[in-house]
Amino acid sequence: MTGSVHVLSPGLQTTVQDRGREGWRHLGVAHAGALDVDAMRLANRLAGNHPDAAVLELTLRGPTLRFDTPARIALIGAQAMARFEGERVPVGRPVHLPAGTLEIGSLRGGARAWLAIGGGIDTAPVLGSRSTDLRGGFGGLDGRALRAGDVVPLGPGIVPEVDALNAPAWWIDPAHDTHLPIRYCPGTHPAASALARRGWTVSASSNRQGLRLQGDALPLPGGDGVSEPVAPGTIQLPADGCPIVLLADAQTVGGYAKLGHVIAADLPRLAQCVPGQPLHFAPVDAATAHRLACAARARIARIGVMIDARLPAV
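Residues numbered from 1 in each chain as written. Predicted model: local features only at pLDDT ≥ 70, side-chain atom pairs only at ≥ 80, totals over all residues. Heavy atoms only, no water.

Peer 1: Talk me through the overall build of the chain; I want residue IDs and the actual numbers.
Peer 2: A count of helical and extended segments in the chain gives 3 helices and 19 strands. What you see for the chain is a C-alpha radius of gyration of 20 Å, in line with the 20 Å of a compact globule of 314 residues. Considering only C-alpha atoms, the chain reaches an extent of 65 × 35 × 35 Å along its principal axes. Taking all 314 residues of the chain together, 49% fall into the buried category. Taking as baseline every contact in the chain between residues at least 6 positions apart, the subset at least 24 positions apart corresponds to 75%. Per element, the accessible surface of the chain, about 13700 Å² overall, is 54% carbon and sulfur. (Helix = DSSP H or I, 4+ residues; strand = E, 2+ residues; numbered from the N terminus. Rg over C-alpha atoms; globule rule 2.2 N^0.38 Å. Buried < 20%, exposed > 50% of the residue type's maximum accessible area, 1.4 Å probe, protein only. Contact = heavy atoms within 4.5 Å. Areas by Shrake-Rupley, 256 points an atom, 1.4 Å probe, with all protein chains shown as cover.)

As structure tokens, this is what we get:
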């Protein structure tokens, strides 16, 4: 059965995202997608969806949504103050809701959360993905964040037969340790090692394209260079000496100096950085980056096995 969700209030920036667009960067198309794909996939698993189904990515403050039919949802990421018809909605677990209104307020302990809804968000795919590319203005719902009055289509899914909010007592918590430094593989630029010797603060001008940092400016000998490929995780050094860490909506080429690349295991942590948050970096080699990536994948796989063991067979 298919349904839809009505947007009563959009939140600060709520977008449709899935795993992103792969295989198009050589044509200048950004990857886009959820800033924490692992969290997105876990939310989908809890909601009974395919792991790569499209979800809603919430930033700092969530939306208010009206469900015309019962639904199974899951909310993963920063702690969300969520209520359904006045009743507190637990996070990190499958939640069955009757028809009614879900209100998600401010997020705490991080910048973003991911809301999976049974059946998945069923907007039209563009270049193989439903993800919203805010810079390009396509994908998701008309290439933009949600607005009040929008109707978000859902794919076919199981509609629970419930007349009140229902959720299990168990939950998962895939949160990352926010006190650890962000690990990166340094490049050959003279300032690459100095990045780790200084403290930084997340700028309020950060967005899905890049995490902008403030602090004691790094030296920039020689200025900008010839444009060359960049990717999510690339650490750029613009003319003001304050680094930018590129995120999912990053451009495909850039002329700023490159200090290195944030390791895959730590990229999801950048999704939770809020303005004013202190940030430190630590250099690692490629072998360590690979070992940490394997460990991160194994951790998510273990959580997935636990979810499958807990959920009833469909």
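Peer 1: Explain the pattern of salt bridges to me, and be specific about the residues and the numbers.
Peer 2: Side-chain pairing between opposite charges can occur once the charged atoms of the two side chains come close. Applying the stated rule across the entire model yields 14 salt bridges. Here R66 makes a salt bridge to D68, at a shortest N to O gap of 3.3 Å. On the accessibility criterion, D68 (42% relative accessible area) is partly exposed. Overlapping salt bridges, with partners in common, bring together R19, E22, R41 and D52 in one network. (Salt bridge = Lys/Arg side-chain N within 4 Å of Asp/Glu carboxyl O.)

Peer 1: Please give an account of the sheet that holds strand β17 (residues 257-262) that cites residues and values.
Peer 2: Spatially, β18-β11-β12-β15-β14-β17-β10-β19 is the arrangement adopted by the 8 strands of the open sheet, whose pairing is mixed. Of all the strands in the sheet, just β18 (278-279) and β19 (281-283) have a single pairing partner and so form its edges. Here 2 bridges tie strand β14 (residues 234-237) to strand β15 (residues 244-246), and the two strands are oriented antiparallel to one another. By the bridge assignment for β15, Q236 is matched with I244. (Pairing = 2+ DSSP bridges.)

Peer 1: Residues and numbers for empty space enclosed by the protein, please.
Peer 2: Taken as a whole, this structure holds 1 cavity of 30 Å³ or more when the rule is applied. In this structure, the largest cavity spans a volume of roughly 130 Å³. Lining of the largest cavity is provided by 16 residues; of these, T69, P70, G118, L154 and V159 occupy positions nearest its centre. Counted by class, the lining of the largest cavity contains 7 nonpolar, 7 polar and 2 charged residues. (1 Å grid on protein atoms, 1.4 Å probe; cavity = no way out; pocket = protein on both sides within 12 Å on 5 of 7 lines; lining within 4 Å. Points joined across faces, edges and corners; volume = space filled by probe spheres on them. Nonpolar A, V, L, I, M, F, W, Y, C, P; charged D, E, K, R; others polar.)

Peer 1: Quick rundown of the pairing of strand β10 (residues 182-186)? Include the residues and the values.
Peer 2: Pairing of β10 with β19, which is carried by 3 bridges, proceeds in the parallel orientation. Counted as the bridge partner of Y184 is P283 from β19. Bridge analysis of β10 against β17 gives 3 bridges, and the strand direction is antiparallel. Residue P186 lies in a different strand from β17, and its bridge partner there is G260.

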